[in-house]
Amino acid sequence: GEVVFNTGMVGYPEALTDPSYRGQILVLTFPLIGNYGVPDTELRDAYGLPEYFESNQIHIAGLVVSGYSWEHSHWAAHQALSKWLKDNGIPGIYGVDTRALTKKIREMGALLGNLVVQNP
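Residues numbered from 1 in each chain as written. Predicted model: local features only at pLDDT ≥ 70, side-chain atom pairs only at ≥ 80, totals over all residues. Heavy atoms only, no water.

1. Quick notes on the overall build of the protein
Move 1: In terms of helices and strands, the protein carries three helices and seven strands.
Move 2: Taken from the N to the C terminus, the helices and strands of the protein come in the order β-α-β-β-β-β-α-β-α-β.
Move 3: Scaling as 2.2 N^0.38, a compact globule of 120 residues should have a C-alpha radius of gyration of about 14 Å, and the protein matches this with 14 Å.
Move 4: Expressed along its principal axes, the backbone C-alpha trace of the protein runs to roughly 45 × 30 × 30 Å.
Move 5: Burial status across the protein gives 37% buried among its 120 residues.
Move 6: Put simply, of all contacts in the protein between residues at least 6 apart along the chain, 73% involve residues at least 24 apart. (Helix = DSSP H or I, 4+ residues; strand = E, 2+ residues; numbered from the N terminus. Rg over C-alpha atoms; globule rule 2.2 N^0.38 Å. Buried < 20%, exposed > 50% of the residue type's maximum accessible area, 1.4 Å probe, protein only. Contact = heavy atoms within 4.5 Å.)

2. Thoughts on the pairing of strand β2 (residues 25–28)
Move 1: Here β2 shows a buried face lined by Ile25 and Val27 and a second buried face lined by Leu26 and Leu28.
Move 2: Inspection of the sheet shows strand β1 (residues 2–6) paired to β2 by four bridges, in the parallel sense. Bridge pairing in β2 links phenylalanine 5 to valine 27.
Move 3: By the bridge criterion, three bridges tie β2 to strand β4 (residues 62–64) in an arrangement that is parallel. By the bridge assignment, isoleucine 25 is partnered in β4 with glycine 62. (Pairing = 2+ DSSP bridges.)

3. With respect to the nonpolar core
Move 1: Formed by 20 residues in total, the largest nonpolar core has its most connected members in Leu16, Leu26, Ile60, Leu63 and Leu81.
Move 2: Looking at this core, the elements with two or more residues in it are α1 (12–16), β2 and α2 (81–87).
Move 3: When near neighbours in sequence (up to four residues on either side) are disregarded, leucine 63 contacts Leu16, Leu26, Leu28, Leu81, Leu85, Pro91, Gly92, Ile93 and Leu115. (Core = buried A, V, L, I, M, F, W, Y, C linked by side-chain atoms within 4.5 Å.)

4. Quick word on the environment of glycine 62
Move 1: In this fold, glycine 62 is placed in strand β4.
Move 2: Exposure remark for glycine 62: the relative accessible area of 0% places this residue in the buried category.
Move 3: For the pair glycine 62 and leucine 115, spaced 53 residues apart in the sequence, the C-alpha separation amounts to 7.0 Å.
Move 4: Here glycine 62 is in contact with Gln24, Ile25, Leu26, Ile90, Pro91 and Leu115, once residues within four sequence places are set aside.

5. Side note on the pattern of salt bridges
Move 1: Per the counting criterion, the structure on display carries one salt bridge.
Move 2: Notably, a salt bridge pairs aspartate 87 with lysine 83, separated by 2.5 Å at the nearest N-O pair. In this pair, aspartate 87 and lysine 83 are both assigned in helix α2, four residues apart and thus about one turn of the helix distant. (Salt bridge = Lys/Arg side-chain N within 4 Å of Asp/Glu carboxyl O.)

Right, here's the structure in full:
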C-alpha cells in the first residue's frame, strides 16, 4: 500500500480508525506508541457513534512505529494495541527510524510499501 505518515503526539486509536487512511501503511512519528492501550471498541456516545474512534473498524493496512510499549497504563485501556492489531489482522513493525522514513516520504513523494509477515 501507499506509505503515509502522521506526526500527531496522541490519538493512535483515532488515526488507525480514520477512513482517510483506508488501505495505507501508516507511519507514526511519535517515538513511543502503545503506552496507553486501546479503549473499549464497543462504547458509543449519545448518537451511537464510537466513543474513542473515528469509525467502527481499523482502516490502515499496516502500522510502522519507532518504539512500542508492551505495557500500557490508562484508565480507559481495554486491551493492548498489539492485541487489537492482531485480532484485526493488521501487521505492524517497530524499531524503525520513523522520522528518517517520514523525511524520505516528504522528499520523494508518495511511496509504495509492503509489510511481509512470516509465521515462525
